[in-house]
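# Overview (structure and organization)
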Amino acid sequence: MLKMNKVSKVFKTELVETHALRDFNLTVNEGEFVAVTGPSGSGKTTFLNIAGLLEPFSQGEFELDGIDVANLNDNQRTQIRNEKIGFIFQGFNLIPDLNLAENVEVPLRYRGMGRKERQQRVNAALEQVGLGSRHKHLPSQLSGGQQQRVAIARALAGEPRFLLADEPTGNLDSLMARQVMELLEDINRKGTTIIMVTHDPELARRAQRNIQIVDGQVCDFTMYQPQQESNKDVQLEEALSE
Amino acid sequence: MFLHYLDLAWRSIRKTPALSLLMVTAIAIGIGITTTTLNIYQMMALNPTGERSEQLHAVQLWSHGPDTWDEFHMQITYQDAMNLRNLAPQFKQLAQMRSGMVIQVDSDKFEPELRAVRVTDSDFFSMFSVPFLYGTSWGEQVDKDAAYHVVISEKYNQKMFGGGDNVGKTVYLNRKPYQVVGIVDNWNPQPKFFDPMNGAFRDAEEVFVPFSLLPIEKFQVWGNISGWKHEDTKNFSDTVKSEKVWIQYWVELNSQESRQQYKQILTGYIDEQKALGRFTDNKTSADSSRLNTVAQWLSIAEVIKEDNRILVGLSFLFLSVCLVNILGLILTKFLKRTSEVGVRRAIGASRMHIFSQYMVEVGIIGLLGGLVGLALASGMLYLLGEKFGMDSSLISMSNSMWFIAPFIAIMTTLVAGIFPAWKVCHTKPSVYLKSQ
Ligand SMILES: Nc1ncnc2c1ncn2[C@@H]1O[C@H](COP(=O)(O)OP(=O)(O)OP(=O)(O)O)[C@@H](O)[C@H]1O
Ligand SMILES: [Mg+2]
């Protein structure tokens, strides 16, 4: 599904070169829920941006859903983002001038989807995050948790294969964070692959698989799967084979 | 998608009303000034005769002596006019001058008044496509054997008689009775191509009388009389016999052949006159006459002054200054929204999507600026008429301006918007996602 081989990313400024990722190797399989943790500045966001085709990488190989994305042009990357990837950000990043329904509709419009189908999907997505009755509200009229749920609805409406979340609960209190987490788990159960960066070890523990990034490299795998013992071995084997 | 962009643009414009207003004002001022000068220029550049322009010819003669004028004069002598009239009767031609007369009718409602009158030949009306509401011009016979006939305009007909078919009624010009033979429907070509020397943007005369009456009635000349040598012209008959130029002469030539034919007649005539001791400058006979189409005539008369060209140029320069200002404002506005662009890029907007969205917004601002600019231009033209007495035909907004002004406005702002829109659509999506 996602396969990174010796990917590295160097940020060059006038004075310094920052190696945000170095020889980064990771494989994520379809349907996994991966939690990414690591110290600040270790490269988590950089990894997610590269995974989401928001940023090019300097070196290495990266295959997404069977496509070698190294040599795609901007339009092709945009199209993949639009069709295969859903983004959830720490800052929600809703468009403040648009109401909830319009916000959720944005990626569908760029896909060139007809009005009717757009509406259906918007309704379904907002329903799924429990905001079915608030189409006309503006983001500023919602609480943080609600805004994040709208952002999730926006990511879901396009029915992506991947959901990339960068500290989705970072701005939320623990109750709201748990609600958002449950929503993500729910989505994952329906088959969407999720990669989530978080600072919260408790939330991370709830994911099937944990990876830690330290200094731009995948450092350590820990598997938490208290509910589904049977799955654990398979996952372990996979992890070890990488 | 376009409608969606319109919607987004409109919201964005309303969201920052002050900035939007500033932009619209900047464009409006530029467009207002450009439209004003362009409108005046366009009105000046108009050729009211259309296709007839190539057929109607104003005649010029180099009848002056050596070392006097170094250009053709726009008018000719009375004797040349009379000679040409008799020499080529197979052509439609006319001699004319502008005069003024006291006008009266048998009505106590109409106060006697002094007014400009056109003294001309019957072919004036057919050559210049003058439409008649009632009656028609005086007959050709009248051009030879003078008769006291008069043609008036419908506007004047209203004023004198209160309107209606008044053919046959009597009008007194300089206290002499004239019979009304025709009433001209609305006719006021601008520029006044048939007599641009006496004000290219004056209205056409409302009263017309036969040229054949000129020697009998010795009409006052309300135009230029120019001479190139000293001549004692104490009275009218002196003027008629003199070398002074004061008659305008037109001929209709519908083909290349007739043009050549007429040119030959002119050359032959000048040969003759040279033999008689006139046309003494050392120019060949062929070079001593010129036939000008209406377009050439308007250019010779310098209907469009050099100043106006410069003014149009300056106003476009001013518009480009506005453009630079707008560019700055647009850039400021757009760069404030890079975080939104980042989000849109992340979730699937291509650069083209973003570029189009912002260009639509710029276009709307341009359109608004254009419309306000039009209103400004109307106001400025009105002021030019009211406060500076500019001729009314120049200050009436030309129909094409209703399209040209918004078009220029939109084009200008789109040009100004290209760089900001290009800049904003190259926003790196990742950079702006963290902030907010
Ligand atoms: N646009 C950039 N230009 C230069 N350096 C950058 C840029 N983005 C990130 N970096 C550097 O790359 C390294 C990794 O940054 P990254 O944002 O991926 O860290 P992170 O793990 O997400 O940290 P945090 O937990 O604080 O969000 C840091 O040293 C950072 O300074
Ligand atoms: Mg980060």
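Residues numbered from 1 in each chain as written. Chains lettered and ligands numbered in written order. Predicted model: local features only at pLDDT ≥ 70, side-chain atom pairs only at ≥ 80, totals over all residues. Heavy atoms only, no water.

Per the secondary structure count, chain B includes 15 helices and 11 strands. For chain B, whose C-alpha radius of gyration is 30 Å, the value lies well above the compact-globule estimate of 22 Å for 436 residues. Reported as C-alpha extents along the three principal axes, the dimensions of chain B are approximately 100 × 60 × 40 Å. The burial tally for chain B puts 53% of its 436 residues in the buried class. (Helix = DSSP H or I, 4+ residues; strand = E, 2+ residues; numbered from the N terminus. Rg over C-alpha atoms; globule rule 2.2 N^0.38 Å. Buried < 20%, exposed > 50% of the residue type's maximum accessible area, 1.4 Å probe, protein only.)

Let's shift gears to the overall build of chain A. When you go through chain A residue by residue, the secondary structure sums to eight helices and 10 strands. Relative to its length of 242 residues, chain A is compact, with a C-alpha radius of gyration of 18 Å against a globular reference of 18 Å. Looking at chain A as a whole, 52% of its 242 residues qualify as buried. Residue pairs in contact within chain A that sit at least 24 positions apart in sequence constitute 69% of those at least 6 positions apart. Total accessible area on chain A is roughly 11100 Å²; 44% of this is exposed by carbon and sulfur atoms. Averaging the locations of the 27 positively and 33 negatively charged side chains of chain A gives two centres separated by 6 Å. (Contact = heavy atoms within 4.5 Å. Areas by Shrake-Rupley, 256 points an atom, 1.4 Å probe, with all protein chains shown as cover. Lys, Arg positive; Asp, Glu negative; His and termini not counted. Charge placed at Lys NZ, Arg CZ, Asp CG, Glu CD.)

As recorded in UniProt, the feature "domain: ABC3 transporter permease C-terminal" (unreviewed entry) lies at residues 314-429 of chain B. Between the first and last C-alpha atoms of residues 314-429 of chain B the distance is 43 Å; the span itself is 84% helix and 0% strand. (UniProt positions renumbered as here; feature names shortened; annotations may be inferred.)

This part is about the sheet that holds strand β5 (residues 67-68) of chain A. Residues and elements named next belong to chain A. The strand order β2-β1-β4-β5 describes an open sheet built from four strands, whose pairing is antiparallel. Each of the sheet's edge strands pairs with one partner strand only, and the pair in question is β2 (17-28) and β5. The pairing of strand β4 (residues 59-64) with β5 spans two bridges and is classified as antiparallel. Within β5, the position partnered with Leu64 by the bridge is Ile67. Of the strands in this sheet, β1 (2-12), β2 and β4 are in contact with helix α1 (residues 44-51), which crosses β1 at around 120 degrees. (Pairing = 2+ DSSP bridges. Axes fitted to C-alpha atoms, helices over the stretch in contact; angles between N-to-C directions.)

Residues and elements named next belong to chain B. By secondary structure assignment, the location of Thr77 is in strand β2 (residues 76-77). A polar atom in the side chain of Thr77 sits 2.9 Å from the side chain of Asp80. Once you skip the residues sitting within four places of it in the chain, Thr77 turns out to touch Ser63, Ser242, Glu243, Lys244, Val245, Ile247 and Arg278. (Polar contact = N/O pair within 3.5 Å; in protein donor to acceptor, adjacent residues only side chain to side chain.)

Residues and elements named next belong to chain B. Feature annotation in UniProt assigns "transmembrane region" (unreviewed entry) to the following positions: residues 21-41, 310-335, 358-383 and 403-422. The straight-line gap between the two end C-alpha atoms of residues 21-41 is 29 Å; of that span, 100% is helix and 0% is strand. Taken end to end, residues 403-422 is 100% helix and 0% strand, and its first and last C-alpha atoms sit 28 Å apart.

Accessible area lost upon the coming together of the parts serves often as the stated size of an interface. All names here are of chain B. By domain assignment, chain B separates into domain 1 (2-46 + 305-435) and domain 2 (63-282). Computed over C-alpha atoms only, the centres of domain 1 and domain 2 are separated by 50 Å. Listed per partner, the contact involves six residues of domain 1 and four residues of domain 2. Interface area for domain 1 against domain 2, summed over the two sides, is near 430 Å², with a carbon-plus-sulfur share of 61%. Here domain 1 is connected to domain 2 by zero salt bridges. Within the residue set of the side of domain 1 that touches domain 2, elements represented by two or more residues are α2 (17-45) and α14 (392-395). For the side of domain 1 that touches domain 2, the per-class residue count stands at four nonpolar, one polar and one charged. (Domains from an automatic or database assignment. Buried area = accessible area lost by both parts, 1.4 Å probe. Salt bridge = Lys/Arg side-chain N within 4 Å of Asp/Glu carboxyl O. Nonpolar A, V, L, I, M, F, W, Y, C, P; charged D, E, K, R; others polar.)

What follows is about the packing of helix α13 (residues 351-388) of chain B against helix α15 (residues 401-425) of chain B. Residue and element names in this part refer to chain B. The interhelical angle for the contact between α13 and α15, taken along N-to-C directions, is 145 degrees, at an axis separation of 7 Å. The two elements α13 and α15 meet at a crossing, and its hand is right-handed. Split by residue class, the contact of α13 with α15 holds 20 nonpolar, five polar and one charged. (Left-handed = near helix turned anticlockwise from the far one by under 90°.)

The next point concerns α15 of chain B. Side chains that are three or four residues apart share a direction in an α-helix, a result of its 3.6 residues per turn. Relative to the 36 Å expected for 25 residues at 1.5 Å per residue, α15 of chain B spans 34 Å between its end C-alpha atoms, a close match to the ideal helical length. At Gly417 of chain B, α15 of chain B shows its maximal kink, close to 40 degrees; a proline, Pro420 of chain B, follows between one and four residues later. (Expected span 1.5 Å × (residues − 1). Bend = angle between axes of the 7 residues up to and from the residue.)

Turning to the packing of aromatic side chains, a few remarks are in order. Residues and elements named next belong to chain B. Per the counting criterion, the structure on display carries 26 aromatic pairs over all chains. With 5.1 Å between their ring centres and 85 degrees between their planes, Trp62 and Phe72 make a pair best called edge-to-face. In this pair, Trp62 is assigned in the loop between β1 (56-61) and β2 and Phe72 in the loop between β1 and β2, connecting sequence segments 10 residues apart. Residue Trp62 is classed as buried on the basis of its relative accessible area, which comes to 8%. Overall, the relative accessible area of 14% leaves Phe72 in the buried class. Summarising the aromatic geometry, the rings of Trp250 and Trp297 are spaced 6.0 Å apart at their centres and angled 75 degrees between planes, so their arrangement reads as edge-to-face. Residue Trp250 is found in strand β10 (residues 245-252), and its partner Trp297 is found in helix α10 (residues 294-300); the two are separated by 47 residues along the sequence. Considered together, Trp250 and Trp297 belong to a single accessibility category, that of buried residues. Among the aromatic residues, those joined into a ring-pair cluster are Phe124, Phe125, Phe128, Phe132, Trp138, Trp187, Phe193, Phe194, Phe208, Trp250 and Trp297. Stacked on the ring of Trp62, the Lys or Arg Lys283 has its end atom at 4.3 Å from the ring centre. (Phe/Tyr/Trp six-rings, centres within 6.5 Å; stacked < 30°, edge-to-face > 60°. Lys NZ or Arg CZ within 6 Å of the ring centre and 35° of its normal.)

What follows concerns the pairing of β4 of chain A. All names here are of chain A. As paired strands, β1 and β4 are joined by five bridges and run antiparallel to one another. Bridge pairing in β4 places Met4 opposite Phe62. Between the end of β4 and the start of β5, which pair antiparallel, lie two residues, with Asp65 showing a positive phi angle near 50 degrees.

This brings us to the interface of chain B and chain A. If you look at the interface, chain B gives 26 residues, while chain A gives 23 residues. Interface area for chain B against chain A, summed over the two sides, is near 2300 Å², with a carbon-plus-sulfur share of 55%. Remark: the boundary between chain B and chain A carries four salt bridges. As a salt-bridge pair, Lys15 of chain B and Asp97 of chain A come within 3.0 Å of each other at their nearest N and O atoms. Counting across the interface, chain B meets chain A through 11 residue pairs in polar contact (both at pLDDT 80 or more). When contributions to the side of chain B that touches chain A are tallied by element, the ones reaching two or more residues are α1 (2-15), α12 (338-346) and α13 of chain B.

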